[in-house]
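# Report on the structure
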Amino acid sequence: MMPLYIDTENVEQSLNAAATELQARFAQQGAIYQTEDIQKALVGWLELSIEELVSEALFHVAESDRSRAFNRQAFDLYLKRLQPTEELSQHRIAA
């Protein structure tokens, strides 16, 4: 499997900004949270979201309605950059 690349510096900055904004919103609603606690909650949510997407990858990229599949356009963009290893006409399909 190829290694995953995640721009951790950019992700960390985005998480910090989101946590700060959420902290302000929650404070307006009367709930005070530490920024670090909100960051932990965001990281946990992101981890579980990634796990869920991975477990449903086949559905999201192949079986679902293209217009409703989560981020299908990104998958299609990356797939266009690839070349198939074999053409269907060269492949004998057993019946």
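Residues numbered from 1 in each chain as written. Predicted model: local features only at pLDDT ≥ 70, side-chain atom pairs only at ≥ 80, totals over all residues. Heavy atoms only, no water.

## Things to note about the overall build of the protein chain
Counting its secondary structure elements, the protein chain contains 4 helices and 0 strands. The helix and strand sequence of the protein chain, counted from the amino end, reads α-α-α-α. A burial count over the protein chain gives 11% of its 95 residues as buried. Carbon and sulfur atoms form 57% of the exposed surface of the protein chain, whose accessible area is close to 8,800 Å². (Helix = DSSP H or I, 4+ residues; strand = E, 2+ residues; numbered from the N terminus. Buried < 20%, exposed > 50% of the residue type's maximum accessible area, 1.4 Å probe, protein only. Areas by Shrake-Rupley, 256 points an atom, 1.4 Å probe, with all protein chains shown as cover.)

## Thoughts on a negative patch on the surface
Taken together, the side chains of Glu47, Glu51, Glu52 and Glu56 define an acidic patch exposed on the protein surface. Within the element layout of this structure, Glu52 appears in helix H2 (residues 35-55). (Patch = residues over 30% accessible without salt bridge, like charges linked within 9 Å, V, L, I, M, F, W, Y side chains within 5 Å. Salt bridge = Lys/Arg side-chain N within 4 Å of Asp/Glu carboxyl O. Lys, Arg positive; Asp, Glu negative; His and termini not counted. Charge placed at Lys NZ, Arg CZ, Asp CG, Glu CD.)

## What to know about the packing of aromatic side chains
Under the criterion given, the structure shown has 1 aromatic pair. Ring geometry for Phe26 versus Tyr33: centroids 5.4 Å apart, planes at 65 degrees, classification edge-to-face. Residue classification places Phe26 among the partly exposed residues on the basis of a relative accessible area of 28%. For Tyr33, a relative accessible area of 41% puts it in the partly exposed group. Here Arg81 stacks its cationic end above the ring of Tyr78, 4.6 Å away from the centre of that ring. (Phe/Tyr/Trp six-rings, centres within 6.5 Å; stacked < 30°, edge-to-face > 60°. Lys NZ or Arg CZ within 6 Å of the ring centre and 35° of its normal.)

## Things to note about the environment of Lys40
Mapping Lys40 onto the fold places it in helix H2. Residue classification places Lys40 among the exposed positions, given a relative accessible area of 60%. Along the chain, Lys40 and Leu15 lie 25 residues apart, while their C-alpha atoms are 9.4 Å from each other.

## So, the confidence of the model for the protein chain
On average, residues of the protein chain carry a pLDDT of 85, and 89% of them reach 70 or more. Within the protein chain, helix H3 (residues 57-63) has the poorest average pLDDT of any element, 78, and helix H1 (residues 8-28) the best, 95. (pLDDT = per-residue confidence, 0-100.)

## Focus: the side chain of Asp76
Within the fold, Asp76 resides in helix H4 (residues 72-80). Only 2.9 Å separates the side chain of Asp76 from the side chain of Arg72, close enough to count as a polar contact. (Polar contact = N/O pair within 3.5 Å; in protein donor to acceptor, adjacent residues only side chain to side chain.)

## Describing a nonpolar patch on the surface
On the surface, Phe75, Leu79 and Leu82 cluster together into a nonpolar patch covering about 280 Å² of accessible area. Take Leu79: it is sitting in helix H4. By relative accessible area, Leu79 is classed as partly exposed at 44%.

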